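Fold and contact review
So you can see what is in the structure, the chains are spelled out below.
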Amino acid sequence: MKILIVGTGAREHALARSLSQDPAVTELHAAPGNPGIAAVATLHPVDQLDGEAVAALATRLGADLVVVGPEAPLVAGVSDAVRAAGIPVFGPSAAAAQLEGSKAFAKDVMSAAGVPTAEPRVVTEPGQIDAALDAFGAPYVVKDDGLAAGKGVVVTDDRDAAHAHAAECLAKPGGRVVVEDYLDGPEVSLFVLCDGSRVLPLVPAQDFKRVGDGDTGPNTGGMGAYSPLPWAPEELVAEVVAQVAQPTVDEMARRGTPFVGVLYCGLALTSSGTRVVEFNARFGDPETQVVLARLATPLAGVLHAAATGALDTVPPLRWRDEAAVTVVVAAHDYPAAPRTGDPITGLAEAEALPGVHVLHAGTRQDGDAVVSAGGRVLSVVGVGADLADARTAAYAGVDRIALAGSHHRTDIAARV
Ligand code: GLY
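Since we're looking at a predicted model, the values are computed, not measured.

This next bit is on the overall build of the chain. Counting secondary structure elements, the chain contains 13 helices and 24 strands. The C-alpha radius of gyration computed for the chain amounts to 20 Å, which stays within 12% of the reference 22 Å derived for 416 residues, consistent with globular compactness. On the principal axes, the C-alpha backbone points of the chain span a range of 55 × 45 × 45 Å. Here the chain holds 416 residues, and 56% of them are scored as buried. For the chain, long-range pairs separated by at least 24 residues make up 68% of all intrachain contacts whose partners lie at least 6 apart in sequence. Total accessible area on the chain stands at roughly 15,900 Å², and carbon and sulfur atoms take up 51% of it.

Shown next, in the form of structure tokens:
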């Protein structure tokens, strides 16, 4: 199978790594990829937001499958362009990706499908902000309706900060804001593969969104993750499939916009039950790094089956009886104003450690050197017999890497 992966991050590197280990994959390509992905795939300097260019590349390569990683190309319609070229694509259409592209749309679908979530108020005018904040009280949860690269959600007890975020989102062209109740309880990410009508869950993971140890500081794209979750109820996956994923996929099909790809169910396990915090229309980053590290079933056939409406042909997924932890190494001053261009050393030394692999996120090749090129620079993954071993491996890997001014959390998976 010839596969083209679209994207540049550690999630795409994790996908590329898993696909490269699948004997069914004869050629692996990435557009545009990154220096880490270059070790397992051929890179093509194509704009990942340009659907026609991605479709033309996939056609020229004779790709049997295109896997679209990030949300921006999905919302921009890259999957539609590839599908129109007659090539199977793992990733929803632009219309179906609105589950992530518009929080108000996602709430509407959840309401129609009877999916448990916080009741929202959609605010479209600055004059409505106060009433919406008063309706729920602190802690205030204010979400930009549209894509905001991990900066769209503010959860705060500070009313002025909540108001300011709402006003800032509304000031954007077509800006809308969703204000909702705070959902108390531990958060879980569950990825559910969808083929338009059927669903196939992966294993749950937990993400660490705040920049600092002890969940302090601003939100980020994610500073680390682990899987499995020994504390999660055994019935969680079956419950989410029955109450969240299948009803959502059924509702999307009913609307004439079937969902094909991965439905990322961001969940809160509250005292009143499991609630959806958010949907995303793609694999989570960094959770994918730990989920795929545990998947024993070859990945290509599973993604191809989802892309071609054939998930019913996939045998039960097999999982390694191992744990995985990933720690994100972030650039100086991430997330405020990440510095780029700093040389990274120690990658080979980290990779040489047992149970450690290093996934590239914001990196670029500069001659013989690899330098930082984004906020989240690397995702160092440790795999071990249990979470303690996996955690030890991941941090041993992080310790081998040098990047001036970088920082990482020291408490990923510490409490479990
Ligand atoms: N880890 C959070 C996300 O992928 O959105």
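Quick look at the sheet that holds strand 17 (residues 273-280) now. Taken in spatial order, the four strands of this open sheet run 11-10-16-17, and their pairing is antiparallel. If you trace the sheet from one side to the other, it starts and ends with strand 11 (199-201) and strand 17, each paired once. Between one strand axis and the next, the sheet turns through 35° on average, direction left out of account. Sheet analysis places strand 10 (residues 187-195) next to strand 11, joined by three bridges and oriented antiparallel. Within strand 11, the residue paired with Val192 across the bridge is Pro201. Each of strand 10, strand 11 and strand 16 (260-270) is contacted by helix 11 (residues 299-307), which is oriented at about 65° to strand 10, the strand it contacts most.

All right, on to the sheet that holds strand 23 (residues 376-384) then. Spatially, 12-15-18-23-20 is the arrangement adopted by the five strands of the open sheet, whose pairing is antiparallel. Of all strands in the sheet, those with a lone pairing partner are strand 12 (206-207) and strand 20 (356-360), marking the two edges. Of the strand pairs in this sheet, strand 12 and strand 15 (residues 224-227) are connected by two bridges, and their pairing is antiparallel. Residue Asp207 lies in a different strand from strand 15, and its bridge partner there is Ala225. Relative to the sheet, helix 10 (residues 287-294) contacts strand 12, strand 15, strand 18 (323-330), strand 20 and strand 23, its axis offset from that of strand 18 by approximately 150°. The sheet contacts of helix 13 (residues 387-400) involve strand 15, strand 18, strand 20 and strand 23, and relative to strand 18 the element is tilted by about 25°.

With their axes 8 Å apart at the nearest point, helix 1 (residues 10-20) and helix 11 run at an angle of 115° to one another. With respect to each other, helix 1 and helix 11 are oriented roughly perpendicular. Across the interface between the two elements, Leu15, Ser18 and Leu19 of helix 1 pack against Leu299, Ala300 and Leu303 of helix 11. Considering only residue class, the contact of helix 1 with helix 11 consists of five nonpolar, one polar and no charged.

Attention now goes to the pairing of strand 23. Burial within strand 23 is extensive, with eight of its nine residues counted as buried. Relative to strand 23, strand 18 runs antiparallel, the two sharing eight bridges. Its bridge partner lying in strand 23, Ala330 is registered against Arg376. Direction of pairing for strand 20 relative to strand 23: antiparallel, over a ladder of five bridges. Paired with Val356 across the bridge in strand 23 is Gly382.

Using the criterion set out here, one finds four aromatic pairs in the structure. Judged by centre distance (5.9 Å) and plane angle (25°), the rings of Phe90 and Phe283 are stacked. Placement of the pair is Phe90 in strand 5 (residues 89-90) and Phe283 in the loop between strand 17 and helix 10, with a sequence separation of 193 residues. When its relative accessible area of 2% is taken as the criterion, Phe90 is described as buried. Clustering of aromatic rings is evident, with ring pairs tying together Phe90, Phe191, Tyr264 and Phe283.

Once that is clear, we can look at the site of the ligand. Inspection of the region around the ligand gives Asp207, Gly221, Tyr264, Asn280, Arg282, Gly284, Asp285, Pro286 and Glu287 as its neighbouring residues. At a separation of 2.8 Å, a nitrogen atom of the ligand approaches a polar side-chain atom of Asp207. A distance of 2.8 Å is found between an oxygen atom of the ligand and a side-chain nitrogen or oxygen belonging to Arg282. When the ligand is considered free in solution it has 200 Å² of accessible area, and contact with the protein chains removes 89% of it. Counted by class, the shell around the ligand contains two nonpolar, three polar and four charged residues.

In this fold, Glu287 is placed in helix 10. Relative accessible area serves as the criterion here: at 0%, Glu287 is assigned to the buried category. Linking Glu287 and Ala205, residues 82 residues apart in sequence, is a C-alpha distance of 6.0 Å. Here Glu287 is in contact with Ser189, Phe191, Ala205, Asp207, Ala225 and Tyr264, once residues within four sequence places are set aside. In terms of polar contacts, Glu287 uses its side chain to reach the side chain of Ser189, at 2.6 Å. Separated by 3.4 Å, the side chain of Glu287 and the backbone nitrogen of Asp285 make a polar contact.

What counts, and where the lines are drawn
- Every chain is numbered on its own, with residues counted from 1 as its sequence reads.
- Given that the model is predicted, a residue must reach a pLDDT of at least 70 before its local features are reported, and side-chain atom pairs must reach 80 or more before they are shown or counted; all residues, however, enter totals for whole chains, interfaces and linings.
- Values reported for side chains reflect all heavy atoms of the structure, with hydrogen atoms and water molecules removed beforehand.
- Secondary structure elements follow DSSP: runs of H or I no shorter than four residues count as helices, runs of E no shorter than two count as strands, and numbering proceeds from the N terminus.
- Each radius of gyration is computed over the set of C-alpha atoms, and the globule rule expresses the reference value as 2.2 Å times the number of residues to the power 0.38.
- Residue burial is assigned from relative accessible area. The probe radius is 1.4 Å, only protein chains are included, and a residue is buried under 20% of its type maximum, exposed over 50%, and partly exposed in between.
- Only heavy atoms matter for contacts: two residues are in contact if any of them lie within 4.5 Å across the pair.
- Methods summary: accessible areas were calculated by the Shrake-Rupley approach with a probe of 1.4 Å, and residue burial reflects only the protein chains presented.
- Only strands joined by at least two bridges in the DSSP assignment are considered to pair.
- Axis definition: a line fitted to C-alpha atoms, limited for helices to the stretch in contact. Angles are taken between N-to-C directions and run from 0 to 180 degrees.
- By the definition adopted for this analysis, an angle is roughly parallel if under 35 degrees, roughly antiparallel if over 145, roughly perpendicular if from 65 to 115, and oblique otherwise.
- Amino acid classes used here: Ala, Val, Leu, Ile, Met, Phe, Trp, Tyr, Cys and Pro are nonpolar; Asp, Glu, Lys and Arg are charged; the rest, including Gly, are polar.
- Note on aromatic contacts: the rings of Phe and Tyr and the six-membered ring of Trp form a pair at centre separations within 6.5 Å, being stacked when their planes are under 30 degrees apart, edge-to-face when over 60 apart, and tilted otherwise.
- The criterion for a residue being near a molecule or strand is simple. One of its heavy atoms has to lie within 4 Å of it.
- Pairs of N or O atoms are called polar contacts if they sit within 3.5 Å, as long as, within protein, a hydrogen donor faces a hydrogen acceptor (for residues adjacent in sequence, only side-chain-to-side-chain pairs).

Read these as layout, nothing more, since geometry by itself doesn't imply function.
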